[in-house]
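Chain and residue survey
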Amino acid sequence: MIGPYYLLDTNLISEMVKPFPDKAVCKKLIEYQNLCALPSTVWNELIYGVNIMEKGNRKDFLFSKMIKEVQSTYEIIHYDNHAAWIQADIRARLKETGHPVSFPDTQIASIAIANNMILVTRNIMHFEPVQQVTPLMLENWFED
């Protein structure tokens with residue numbers, strides 16, 4: 001069995017719980033479900049986002065969806081020693097160029113690079129500076 005090939009950014013998972021999600025994105029998420037994984041950074045962002053919501057039906061619904069559907073569907077790829085080395089190198093190179101990128105975004109990129117995965121995101125612009133200093137494969141499933 002082939003392992004995960006696509007690493008999903010937060011905006012892909014968030015899209016699934018919107019009242020009117022992007023149909024093309026949902027189709028790809030279903031089609032490539034067995035080839036997708038989440039970086040631990042994204043899992044943290046998702047759970048944090050639900051945790052800070054006011055108590056109520058929406059919070060309960062999202063928490064249930066995260067546990068029942070997201071966590072049980074996607075492997076979570078951890079930020080490990082290899083990714084830490086890559087991230088440190090990325091951050092140092094970006095500092096030299098004067099194009100800082102957020103710590104979570106460089107962490108997500110480093111997990112993708114360490115595991116030879118394609119990072120799927122709507123926020124291509126957030127990761128373009130990383131591509132200038134290291135090989136990072138990106139796809140945007142929101143575009144045709």
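Scroll up to find the structure this text is about.
Residues numbered from 1 in each chain as written. Predicted model: local features only at pLDDT ≥ 70, side-chain atom pairs only at ≥ 80, totals over all residues. Heavy atoms only, no water.

A separate point is the nonpolar core. Core analysis: the largest hydrophobic core is formed by 44 residues, its most contacted members being Leu8, Leu38 and Trp141. Every residue in contact with Trp141, bar those within four places of it in the chain, is listed here: Tyr6, Leu8, Leu12, Val25, Lys28, Leu29, Tyr32, Cys36 and Val120. (Core = buried A, V, L, I, M, F, W, Y, C linked by side-chain atoms within 4.5 Å. Buried < 20%, exposed > 50% of the residue type's maximum accessible area, 1.4 Å probe, protein only. Contact = heavy atoms within 4.5 Å.)

The geometry of helix H6 (residues 103-114) relative to helix H7 (residues 124-133) is characterised by a closest axis approach of 10 Å and an angle of 65 degrees between their N-to-C directions. At the point where H6 passes H7, the crossing takes the right-handed sense. Side by side, H6 and H7 meet where Asp105, Thr106, Ile108 and Ala109 of the first sit next to His126, Phe127 and Val130 of the second. (Axes fitted to C-alpha atoms, helices over the stretch in contact; angles between N-to-C directions. Helix = DSSP H or I, 4+ residues; strand = E, 2+ residues; numbered from the N terminus. Left-handed = near helix turned anticlockwise from the far one by under 90°.)

With parallel pairing, five strands are arranged side by side in an open sheet as E3-E2-E1-E4-E5. Taken across any chain shown, the strands that pair with only one partner, and hence form the sheet edges, are strand E3 (75-77) and strand E5 (138-139). In this sheet, strand E2 (residues 36-39) lies alongside strand E1 (residues 6-8) in parallel orientation, the contact comprising two bridges. Considered in E2, the bridge of Leu7 is made with Ala37. (Pairing = 2+ DSSP bridges.)

Glancing now at the pattern of salt bridges. Tallying each qualifying case throughout the model produces four salt bridges. Note that Glu15 is salt-bridged to Arg122, the shortest N-O span being 3.8 Å. Residue Glu15 is located in helix H1 (residues 10-16), and its partner Arg122 is located in the loop between strand E4 (118-120) and H7; the two are separated by 107 residues in the primary sequence. Accessibility expressed as a relative area gives 40% for Arg122, which makes it partly exposed. One salt bridge connects Glu69 with Lys65, and the closest N-O pair in it is separated by 2.9 Å. One end of the pair is Glu69 and the other is Lys65, both in helix H4 (residues 57-73) and four residues apart, which spans about a single turn. (Salt bridge = Lys/Arg side-chain N within 4 Å of Asp/Glu carboxyl O.)

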